[in-house]
Amino acid sequence: GQQVMQIPQYQHVQEGEDFTTYCNSSTTLSNIQWYKQRPGGHPVFLIQLVKSGEVKKQKRLTFQFGEAKKNSSLHITATQTTDVGTYFCAGRRGNKLVFGAGTILRVKS
Amino acid sequence: DTGVSQDPRHKITKRGQNVTFRCDPISEHNRLYWYRQTLGQGPEFLTYFQNEAQLEKSRLLSDRFSAERPKGSFSTLEIQRTEQGDSAMYLCASSLVGKGSQYFGPGTRLTVT
C-alpha cells in the first residue's frame, strides 16, 4: 500500500538557522498536506498542496510539491523557538490521509 | 470553544476491560475520522464517517474495535477486551466534504496495564 516516508527523523538547530524536512511517497499523490504537532499537543493543519510543482509560502515557511507529485518539502527560514514541534506530511489516499512518521524540530536559543 | 473535543482525555484500564471514547466534531463538519498515534509515529488511520455512514475501516483494525456515529454528530470508539498493545493516543478529526484540511481534537490517551 501507499507509504509516506519523512526525513530527517530529528533535527536540532540553532535559533536563526534554516530547517528543511522532506517527504517521499511510494505512489503518486492526489495532494499532500502538512501538519504541525507541538509537544503534548495535537496535529494542526498548516497547508494543502494539489498541483504538480506547486510552491506556497506562509511567512517563514515554504512548501513545495514535486513535479511528479511523489515528494514534498517544508522549509523554515530563520527558525524561532516557537517553531519547535513535529512536522508531519500526509498524502491523500481516497478519502483518508496517510501520515509520515514526522520530523522532530528542536531549536536552541 | 467550537473546536473538536474528546472525552475522556486520559484513560487507564486493565487488560481485558472494555473502554469507550467520545468525539464531538466541529458542528458543521460532516466527516469524522479516528486515528491512533503511538510515540514517534504519525497518526494512523482507523476509520471515518460521512454523516452517520461509516465509509471506510482500516484493514489493521481488529474486530475488537467498533465505532459509531448514530446521528451524524458525535462519535464513539469502543475497544473490547483491551490489550497492552492498544495503549496509544486516540485522535479524532473532522472536516467538511470537499475541504482537505482536517481539524484534530486533543486526543484520548489510553494506557492498558
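What this report covers is the structure whose coordinates are included nearby. Numbering of residues starts from 1 in every chain and runs along the sequence as written. To read the labels, note that chains go from A and ligands from 1, taken in the order they are written. Where local features are concerned, this predicted model is filtered to residues with pLDDT of at least 70; where side-chain atom pairs are given and counted, the filter is 80 or more; whole-chain, interface and lining totals use all residues. Note that water and hydrogens are dropped before the side-chain values are worked out from all heavy atoms of the structure.

**Digging into the overall build of chain A**
And step 1. Helix numbering and strand numbering both begin at the N terminus, where a helix is a DSSP run of H or I of at least 4 residues and a strand a DSSP run of E of at least 2. The helix and strand inventory of chain A stands at zero helices and eleven strands.
And step 2. Sequence-ordered secondary structure for chain A, helices as α and strands as β, is β-β-β-β-β-β-β-β-β-β-β.
And step 3. Here the radius of gyration uses the C-alpha set of atoms, whereas the globule reference equals 2.2 Å times the residue count to the power 0.38. Against the globule reference of 13 Å for 109 residues, chain A gives a C-alpha radius of gyration of 13 Å, in line with a compact fold.
And step 4. Taken over the C-alpha atoms alone, chain A extends approximately 40 × 25 × 20 Å along its principal axes.

**Here's the deal with the interface of chain A and chain B**
And step 1. Any two residues whose heavy atoms approach within 4.5 Å are treated as being in contact. Contact residues are listed per partner, giving 16 residues for chain A and 19 residues for chain B.
And step 2. For the pair chain A and chain B, the summed buried area comes to about 1,400 Å², and 52% of that belongs to carbon and sulfur atoms.
And step 3. Among the ionic pairs, Glu-56 of chain B bridges to Lys-96 of chain A, the shortest N-O distance being 3.6 Å.
And step 4. The definition of a polar contact used here is a pair of N or O atoms within 3.5 Å, where within protein one atom must be able to donate a hydrogen and the other to accept one, and adjacent residues in sequence count solely through side-chain atom pairs. At the junction of chain A and chain B, the tally comes to seven residue pairs in polar contact (both at pLDDT 80 or more).
And step 5. The set of elements that each furnish at least two residues to the side of chain A that touches chain B consists of strand 4 (32–37), strand 5 (44–49), strand 9 (85–93) and strand 10 (96–99) of chain A.
And step 6. Gly is put with the polar residues, along with every residue not named as nonpolar or charged; the nonpolar set is Ala, Val, Leu, Ile, Met, Phe, Trp, Tyr, Cys and Pro, and the charged set is Asp, Glu, Lys and Arg. For the side of chain A that touches chain B, the residue count by class is seven nonpolar, six polar and three charged. Buried area: the accessible area, evaluated with a 1.4 Å probe, that two parts lose upon being put together, summed over both parts. Salt bridges are identified by distance alone: a Lys or Arg side-chain nitrogen within 4 Å of an Asp or Glu carboxyl oxygen.

**Description of the pairing of strand 8 (residues 71–76) of chain A**
All names here are of chain A.
And step 1. Sheet topology note: the strand 3 (residues 19–25)/strand 8 ladder contains six bridges and is antiparallel. The partner of Tyr-22 across the bridge, within strand 8, is Ser-73.
And step 2. The pairing criterion for strands is at least two bridges between them, as found by DSSP. Pairing of strand 7 (residues 61–65) with strand 8 involves five bridges; the strand directions are antiparallel. Bridge pairing in strand 8 links Phe-63 to Leu-74.
And step 3. Joining the antiparallel neighbours strand 7 and strand 8 is a turn of five residues, in which Lys-69 adopts a positive phi near 55°.

**A short note on the sheet that holds strand 7 of chain A**
Residues and elements named next belong to chain A.
And step 1. Within the open sheet, the five strands sit side by side as 1-3-8-7-6. Their pairing is antiparallel. Only two strands of the sheet have a single neighbouring strand rather than two, namely strand 1 (4–7) and strand 6 (55–58). Direction aside, the axes of adjacent strands within the sheet are offset by 15° on average.
And step 2. Examined bridge by bridge, strand 1 and strand 3 share four bridges and lie antiparallel to one another. A fitted line through C-alpha atoms represents every axis, and for helices the fit uses only the stretch in contact; the resulting angles, taken between N-to-C directions, go from 0 to 180 degrees.

**A few points about the pattern of salt bridges**
And step 1. If you walk through the whole model with that rule in mind, you get seven salt bridges over all chains.
And step 2. The residue Glu-54 of chain A makes a salt bridge to Lys-56 of chain A at a minimum N-O spacing of 3.7 Å.
And step 3. The salt bridge partner of Asp-24 of chain B is Arg-22 of chain B, with a shortest N-O separation of 2.7 Å.
And step 4. Relative accessible area decides the class of each residue, using a 1.4 Å probe on protein chains only: under 20% of the type maximum gives buried, over 50% gives exposed, and in between gives partly exposed. Given the relative accessible area of 25%, Asp-24 of chain B is considered partly exposed.
And step 5. Through salt bridges that share partners, Arg-64, Glu-83 and Asp-86 of chain B make up one connected network.

**Looking at the sheet that holds strand 3 (residues 19–24) of chain B**
Pairing between the strands of a sheet is mediated by backbone hydrogen bonds and can be parallel or antiparallel.
Residue and element names in this part refer to chain B.
And step 1. Pairing in this open sheet of four strands is antiparallel, and the strands run 1-3-8-7 from one edge to the other. Two strands close off the open sheet at either side, each with one partner strand: strand 1 (5–7) and strand 7 (65–68). Each strand axis lies, on average, 15° off the axis of its neighbour in the sheet, ignoring direction.
And step 2. Alignment of strand 1 against strand 3, held across three bridges, turns out to be antiparallel. When the bridges of strand 3 are listed, Ser-5 appears paired with Asp-24.

**So, the side chain of Lys-36 of chain A**
All names here are of chain A.
And step 1. In this fold, Lys-36 is placed in strand 4.
And step 2. Asp-83 provides the closest opposite charge to the buried, salt-bridge-free Lys-36, at an N-O distance of 4.8 Å.
And step 3. Within polar-contact distance, the side chain of Lys-36 engages the backbone oxygen of Thr-82 at 2.8 Å.
And step 4. Contact partners of Lys-36, with chain neighbours within four places excluded, come to His-42, Pro-43, Val-44, Leu-46, Thr-82, Asp-83, Val-84, Thr-86 and Tyr-87. Only four residue types enter the charge count: Lys and Arg as positive, Asp and Glu as negative, with His and the chain ends excluded.

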